[in-house]
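Next come the chains, spelled out residue by residue.
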Amino acid sequence: LGLQKDMRKAVELYTKAAELGSIDALFSLGDAYFNGHGVQEDVTKATTFFTKAAMQGHVVSRYNLGCDEGQKGNHGRAVRHWIISAKMGYEKSVQNIKRAFMAGLATKEQYAQALKGYQ
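What you are looking at is a predicted structure, and each value in this text was computed from that prediction instead of being measured.

S.K.: Could you clarify how one ought to interpret the overall build of the chain in this entry?
M.R.: A count of helices and strands for the chain gives seven helices and zero strands. Along its sequence from the N terminus, the chain presents helices and strands in the succession α-α-α-α-α-α-α. Principal-axis analysis of the C-alpha atoms places the extent of the chain at approximately 45 × 30 × 25 Å. Counting every position in the chain, which comprises 119 residues, the buried fraction comes to 36%. Taking all contacts inside the chain whose residues are at least 6 apart in sequence as the whole, residues at least 24 apart take part in 38%. Taken as a whole, the chain presents about 7500 Å² of accessible surface, with 53% of it coming from carbon and sulfur.

Put into structure tokens, the structure is as follows:
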């Protein structure tokens, strides 16, 4: 559209929308802080926003929490987050649980639970 992106303004508006109860705004704030778009990169703040959104049913936020836990080496927590998001219909979570299973980091039962919940 020819409009220049102003991520600082976007973060300001996301913050207002989140205060008004927007789950998508919470996710967008988490994404902004995770990637340093319009704000100083801050993974801790990103995780806080993703957690708030996930607790209200935001599937990609739940997936992202699983990825964060996996990177920290908390594979059990990662798999639990991915099972929840797989049951919400998020295919990438099923793929990650499959990878975890193949690497010996998730059980056959967890993988089966994710597949069953995804369908």
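S.K.: Would you take a moment to explain the environment of Thr-51 for this structure?
M.R.: Structurally, Thr-51 is set in helix H3 (residues 43-55). On the basis of relative accessibility, which here comes to 31%, the residue Thr-51 falls in the partly exposed class.

S.K.: Sorry if this is basic, but what is going on with helix H4 (residues 59-71) here?
M.R.: Helical geometry: 3.6 residues make up each α-helical turn, so side chains three or four residues apart lie on a common side. Relative to the 18 Å expected for 13 residues at 1.5 Å per residue, H4 spans 19 Å between its end C-alpha atoms, a close match to the ideal helical length. All of the buried residues along H4 are Ser-61, Arg-62, Tyr-63, Asn-64, Leu-65, Gly-66, Asp-68, Glu-69 and Gly-70. Residues of H4 that are buried in the fold lie against helix H2 (23-35), H3, helix H5 (75-87) and helix H6 (91-102). Looking one or two places after H4, you find Gly-73, whose phi comes out positive at around 90°.

S.K.: Got a minute to help me understand the environment of Gly-70 in this structure?
M.R.: Looking at where Gly-70 falls in the secondary structure, it is placed in helix H4. Since its relative accessible area comes to 18%, Gly-70 is described here as buried. Sequence separation between Gly-70 and Asn-96 is 26 residues, and the spatial gap between their C-alpha atoms is 9.8 Å.

S.K.: Sorry if this is basic, but what is going on with the packing of aromatic side chains here?
M.R.: Think of a pair of aromatic rings as described by two things: how far the centres are apart, and how the planes are tilted against each other in angle. One pass over the structure, following the stated rule, counts four aromatic pairs. Taking 5.7 Å as the distance between ring centres and 40° as the angle between the ring planes, the aromatic pair formed by Phe-27 and Phe-50 counts as tilted. Here Phe-27 is found in helix H2, whereas its partner Phe-50 is found in helix H3, with 23 residues between them in sequence. With respect to class, Phe-27 is no different from Phe-50; both count as buried.

S.K.: What is the right way to read the packing of H5 against helix H7 (residues 108-118) from this model?
M.R.: The description of two helices packed together rests on the angle between their axes and the distance between the axes. One can describe the packing of H5 onto H7 by two numbers: an axis separation of 7 Å at closest approach and a directional angle of 20°. It follows that H5 is roughly parallel to H7 by the angle criterion. Residue-level inspection shows Val-79, Ile-83, Ala-86 and Lys-87 of H5 in contact with H7, the latter providing Gln-110, Gln-113, Ala-114, Gly-117 and Tyr-118. Among the residues forming the contact of H5 with H7, the class breakdown is five nonpolar, three polar and one charged.

S.K.: Would you explain the pattern of salt bridges in this entry?
M.R.: Between side chains of opposite charge, a pair can form when the charged atoms approach closely. Evaluated as defined, the whole model comprises four salt bridges. We note a salt bridge from Glu-12 to Lys-16, for which the minimum N-O separation is 4.0 Å. Here Glu-12 pairs with Lys-16, and both are found in helix H1 (residues 7-19), just four residues apart, close to one helical turn. Here Glu-12 falls in the partly exposed class, since its relative accessible area comes to 37%. Lys-72 is paired through a salt bridge with Asp-68; the nearest N and O atoms lie 3.2 Å apart. Judged by its relative accessible area of 53%, Lys-72 is exposed. Note on Asp-68: relative accessible area 13%, which makes it buried. By sharing partners, the salt bridges in this structure join Lys-9, Glu-12 and Lys-16 into a single network.

What counts and what doesn't
Residue positions within a chain follow its written sequence, with the count starting from 1. Given that the model is predicted, a residue must reach a pLDDT of at least 70 before its local features are reported, and side-chain atom pairs must reach 80 or more before they are shown or counted; all residues, however, enter totals for whole chains, interfaces and linings. As a rule here, side-chain values cover all heavy atoms of the structure and leave hydrogens and water aside. Counting from the N terminus, the helices are DSSP H or I runs at least four residues long and the strands are E runs at least two residues long. Buried, partly exposed and exposed residues are distinguished by accessible area as a fraction of the type maximum, computed with a 1.4 Å probe on protein chains only: under 20%, between the cut-offs, and over 50%, respectively. Note on definitions: a residue-residue contact is assigned when non-hydrogen atoms from the two residues lie within 4.5 Å. The Shrake-Rupley method, run with a 1.4 Å probe, gives the accessible areas here. Residue values count only the displayed protein chains as cover. Helices are assigned an expected span. That span is 1.5 Å times one less than the residue count. For Phe, Tyr and Trp, rings pair up if their centres lie within 6.5 Å, where Trp contributes its six-membered ring, and each pair is then called stacked (planes under 30 degrees apart), edge-to-face (over 60) or tilted (otherwise). All axes are obtained by fitting lines to C-alpha atoms, using only the stretch in contact for helices, and the reported angles, taken between N-to-C directions, cover 0 to 180 degrees. With respect to orientation, any angle under 35 degrees is reported as roughly parallel, any angle over 145 as roughly antiparallel, any angle of 65 to 115 as roughly perpendicular, and every other angle as oblique. Residue type decides the class: Asp, Glu, Lys and Arg count as charged, Ala, Val, Leu, Ile, Met, Phe, Trp, Tyr, Cys and Pro as nonpolar, and the leftover types, Gly among them, as polar. When a carboxyl oxygen of Asp or Glu is within 4 Å of a side-chain nitrogen of Lys or Arg, the pair counts as a salt bridge.

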